[in-house]
Amino acid sequence: MTHSAWLKPCLWAAIVVLLVCGLPAWAQGQTAASSAPVAAPTPPPLAADAPIPVSGPSADDQAAGDPSGTKTGTANDVVHADPAKPLTLADVVNQAGQNRIAINFTWTLVAGFLVMFMQAGFAIVETGLCRAKNANHTMMMNFMVYGFGLFAYWVCGFAFQMGGAAGVSILGGASPLSHEFTIHLLGHDWGLWGTKGFFLSGATYDVGVMVLFLFQMVFMDTALTIVTGAAAERWKYVAFALSSVLLGAITYPIYANWAWGGGWLSKLGANYGLGAGYADFAGSGVVHAVGGLTALALSMIIGPRIGKYNRDGSSNAMPGHDIVIVLTGCFILAFGWFGFNPGSTLGASGALRISTIAVDTMLAGCTGSFGALLYMWIKYGKPDASMAGNGLLAGLVAITAPSGYVNTMGATIIGFIAGLLVCVSVEFIDRVLRVDDPVGAISVHGANGLWGVISVGLFADGTNGVKGLFYGDPTQLVAQLIGVGTLLGFVFTLSYVANLALHAVVGQRVSAADELEGLDIPEMGALCYPEFVLKPDTTHSGVAASQIKTGLQVARETA
Amino acid sequence: MRLIGVLLAVFGWLLPVVGLTMTSSMGVRLFLCVLGIGITLTAILRLLNKAHEKEAVWKQ
């Protein structure tokens, strides 16, 4: 066979294969090409009042019930501006806006309710860590601080804090909060306090403002209840009431304004190029450090409990009376923190990072308790229960400021460091400073509140507009340190001077006799546990145990 | 001692705040912050605390 003889059949075979395989593919391509979207003519814009041809289930359908849920929540449920006319585009858009704000209102209010419930957690943690003879007094401080704080905040605290914070768009604007008192100094405006919202009257009688008030109020009350723990077992009740009102009306709101209400700290970024300005997402500084530093000031002023220190300055342990309620309280607080941190977005619609914030919060609390547990176990040979609880709280306090800005790895590290820090701080305050803090509030909230503020400047990953040193921006750390300096130099000093003045006027501390007896009868008029026989206190010097009445004796005499 | 402690604590706060307007160098600002916090902590923990410790129950 010659060369051309075998070439011819091969060419024919190739043509047949091409026809068999290629034709369907070509046909498919033609079909796809013909079905490709053709530039459709743009529909004419729909007029806002043009009727929309949709309808929900009929009245008869709905009357039959809706076990599957498919006939509930339809076009029938969209509010019509004019019920007599069909649904319009304006109705749908207005409903969408209303729904967004309603979601955010609901989220923020429910988060606020969770934070309010933290009062119960604080109450039983503090009471459990105190001795039984002071249980009624400690519980009553925690119970009434809610009311004292709320009242002071309604009168003027909220106005000072948020009176110039207009522009909370996620809650619909809150535009009545429109005036901040500022001074022009060194080339910039320095916002100092708000001036709208006293008694929630006038234009601030507004649904958005009310949501903001409730949420901010429960935060403020958290700061107040921190102080009652550090000063427990020796604080005169009337002094407690007045001191709480001062903190809720002035000290807390002023700092909170600087950080959250449009004050000068929040403008450090815009005015001085310091990152995003002082960033404290949910209040490690604003809430916890303010409470913790006020607790330190007060503990210094009223001094340690009788029997806490020996004449050589060595410290005696004064264990609490009920570790069960202490750890139950810690769980309640950890639960409430899901309102504290994720709630600080002030909304769920348009703020889906609430999931990240909630996970960060859990992780930091978890590693906080790990840190404290390990420290105590290694150093003292036992995993101490109350310090494990304090470690959990320390982790939660520390993650409060950075929770909106850090990833889960950052949260884990921040929490673990907080757990170690709380143990070191408790020992330092107890043994070196000799400041008596029965519940460890200064360490949990003060030291770890400051650590939380600093950690934003280190660990913020830039995802939500704040970037820390470890992610390449040292300026944010400077803003955070200025916040720490302000907490120490301004908040502590103001609290110290205010409480010193109160000490001079009404006296902050109960008498020695009342303290030895326990504050339940002298201060509150009733024992917390009247059927218990309380063990006589022998830790103090100079008073015979026989001179101290048991709880049962006191209860009988009172009856 | 209390008055000195209070004044020093406030000075430690104002130092980095005023420093903001004096320099735009982040290094200097950072240094002033650390220095200011150190001064304030010393005022609180040393001066003010010592002043109150003198009157403590256990020393009497």
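Residues numbered from 1 in each chain as written. Chains lettered and ligands numbered in written order. Predicted model: local features only at pLDDT ≥ 70, side-chain atom pairs only at ≥ 80, totals over all residues.

Digging into the overall build of chain B
Here comes step 1: The secondary structure content of chain B amounts to two helices and zero strands.
Here comes step 2: Since a compact globule built from 60 residues should have a radius of gyration of about 10 Å, the 15 Å found for chain B marks it as more spread out than a globular shape.
Here comes step 3: Its C-alpha atoms give chain B principal-axis dimensions of about 50 × 15 × 10 Å.
Here comes step 4: Considering only residue pairs separated by 6 or more positions, chain B has 67% of its internal contacts joining residues 24 or more positions apart. (Helix = DSSP H or I, 4+ residues; strand = E, 2+ residues; numbered from the N terminus. Rg over C-alpha atoms; globule rule 2.2 N^0.38 Å. Contact = placed C-beta atoms within 7 Å.)

A word on the overall build of chain A
Here comes step 1: Scanning chain A from terminus to terminus reveals 17 helices and two strands.
Here comes step 2: Expressed as a percentage of its 559 residues, the buried residues of chain A come to 52%. (Buried ≥ 20, exposed ≤ 12 C-beta atoms within 10 Å, placed from the backbone.)

Describing the nonpolar core
Here comes step 1: Core analysis: the largest hydrophobic core is formed by 165 residues, its most contacted members being A:Val290 and A:Phe492.
Here comes step 2: The contacts of A:Val290, once residues within four sequence positions are left out, are A:Ala223, A:Thr251, A:Tyr252, A:Tyr255, A:Leu487 and A:Val491. (Core = buried A, V, L, I, M, F, W, Y, C linked by C-beta atoms within 7 Å.)

Quick word on the environment of A:Cys366
Here comes step 1: You can see A:Cys366 is positioned in helix H10 (residues 354-380).
Here comes step 2: Residues A:Cys366 and A:Leu392, 26 residues apart in the sequence, show an inter-C-alpha distance of 6.2 Å.

Digging into the pairing of strand E2 (residues 188-194) of chain A
Residues and elements named next belong to chain A.
Here comes step 1: By the bridge criterion, six bridges tie strand E1 (residues 180-185) to E2 in an arrangement that is antiparallel. When the bridges of E2 are listed, His184 appears paired with Asp189.
Here comes step 2: Hairpin connection from E1 to E2: two residues lie between these consecutive antiparallel strands, with Leu186 at a positive phi of about 55 degrees. (Pairing = 2+ DSSP bridges.)

Points about unusual backbone geometry
Here comes step 1: Unusually for a residue other than glycine, A:Glu233 sits at a positive phi of about 75 degrees.
Here comes step 2: Its place among the elements puts A:Glu233 in the loop between helix H5 (207-230) and helix H6 (237-260).

Observations concerning helix H4 (residues 135-162) of chain A
Here comes step 1: At A:Trp154, H4(A) is deflected by roughly 65 degrees, the largest bend along its length.
Here comes step 2: With 20 of 28 residues buried, H4(A) is to be regarded as a mostly interior element. (Bend = angle between axes of the 7 residues up to and from the residue.)

Topic: the interface of chain B and chain A
Here comes step 1: Taken residue by residue, the interface counts 27 residues in chain B and 29 residues in chain A.
Here comes step 2: Counting only elements with at least two residues in the side of chain B that touches chain A, the list comes to helix H1 (2-22) and helix H2 (26-53) of chain B.
Here comes step 3: At 14 residues, the largest contribution of residues to the side of chain B that touches chain A is made by H2(B).
Here comes step 4: Taken together, the residues of the side of chain B that touches chain A break down into 18 nonpolar, six polar and three charged. (Nonpolar A, V, L, I, M, F, W, Y, C, P; charged D, E, K, R; others polar.)

Describing helix H12 (residues 408-432) of chain A
A turn of α-helix holds 3.6 residues, and therefore any two residues three or four places apart point the same way.
Here comes step 1: The end-to-end C-alpha distance of H12(A) is 35 Å, a good match for the 36 Å that 25 residues give at a rise of 1.5 Å each.
Here comes step 2: Looking one or two places after H12(A), you find A:Arg434, whose phi comes out positive at around 55 degrees. (Expected span 1.5 Å × (residues − 1).)

Details of the domain arrangement of chain A
Here comes step 1: Looking at the assigned domains, one finds that chain A contains domain 1 (97-512) and domain 2 (526-558).
Here comes step 2: Spacing between the C-alpha centres of domain 1 of chain A and domain 2 of chain A amounts to 35 Å. (Domains from an automatic or database assignment.)

Topic: the packing of H1(B) against H2(B)
Residue and element names in this part refer to chain B.
Here comes step 1: The interhelical angle for the contact between H1 and H2, taken along N-to-C directions, is 170 degrees, at an axis separation of 8 Å. Comparing their axes, H2 and H1 come out roughly antiparallel.
Here comes step 2: Split into classes, the residues belonging to the contact of H1 with H2 amount to 18 nonpolar, five polar and two charged. (Axes fitted to C-alpha atoms, helices over the stretch in contact; angles between N-to-C directions. Parallel < 35°, antiparallel > 145°, perpendicular 65-115°, else oblique.)

Describing the confidence of the model for chain B
Here comes step 1: Per-residue pLDDT for chain B averages 93, and the proportion of residues at 70 or more is 100%.
Here comes step 2: Listed scores for the predicted complex are pTM 0.87 and ipTM 0.97. (pLDDT = per-residue confidence, 0-100.)

Concerning the packing of helix H8 (residues 284-302) of chain A against helix H14 (residues 474-505) of chain A
Residues and elements named next belong to chain A.
Here comes step 1: Contact geometry of H8 with H14 gives a least axis separation of 8 Å together with a crossing angle of 40 degrees. On the basis of the axis angle, H8 is oblique to H14. Read as a crossing pair, H8 and H14 show a hand that is right-handed. From H8, Gly285, Ala289, Val290, Leu293, Thr294, Leu296, Ala297, Leu298 and Ile301 reach across to H14, where they touch Gly483, Leu487, Leu488, Val491, Phe492, Ser495, Tyr496, Asn499, Leu500 and His503.
Here comes step 2: Of the residues that constitute the contact of H8 with H14, the class distribution is 13 nonpolar, six polar and no charged. (Left-handed = near helix turned anticlockwise from the far one by under 90°.)

Some thoughts on the environment of A:Ala203
Residue and element names in this part refer to chain A.
Here comes step 1: With respect to the secondary-structure elements, Ala203 resides in the loop between E2 and H5.
Here comes step 2: On the basis of neighbour count, Ala203 is assigned to the exposed category, with 12 C-beta atoms found within 10 Å.
Here comes step 3: Distance in space between the C-alpha atoms of Ala203 and Ser178 is 9.9 Å, their sequence separation being 25 residues.

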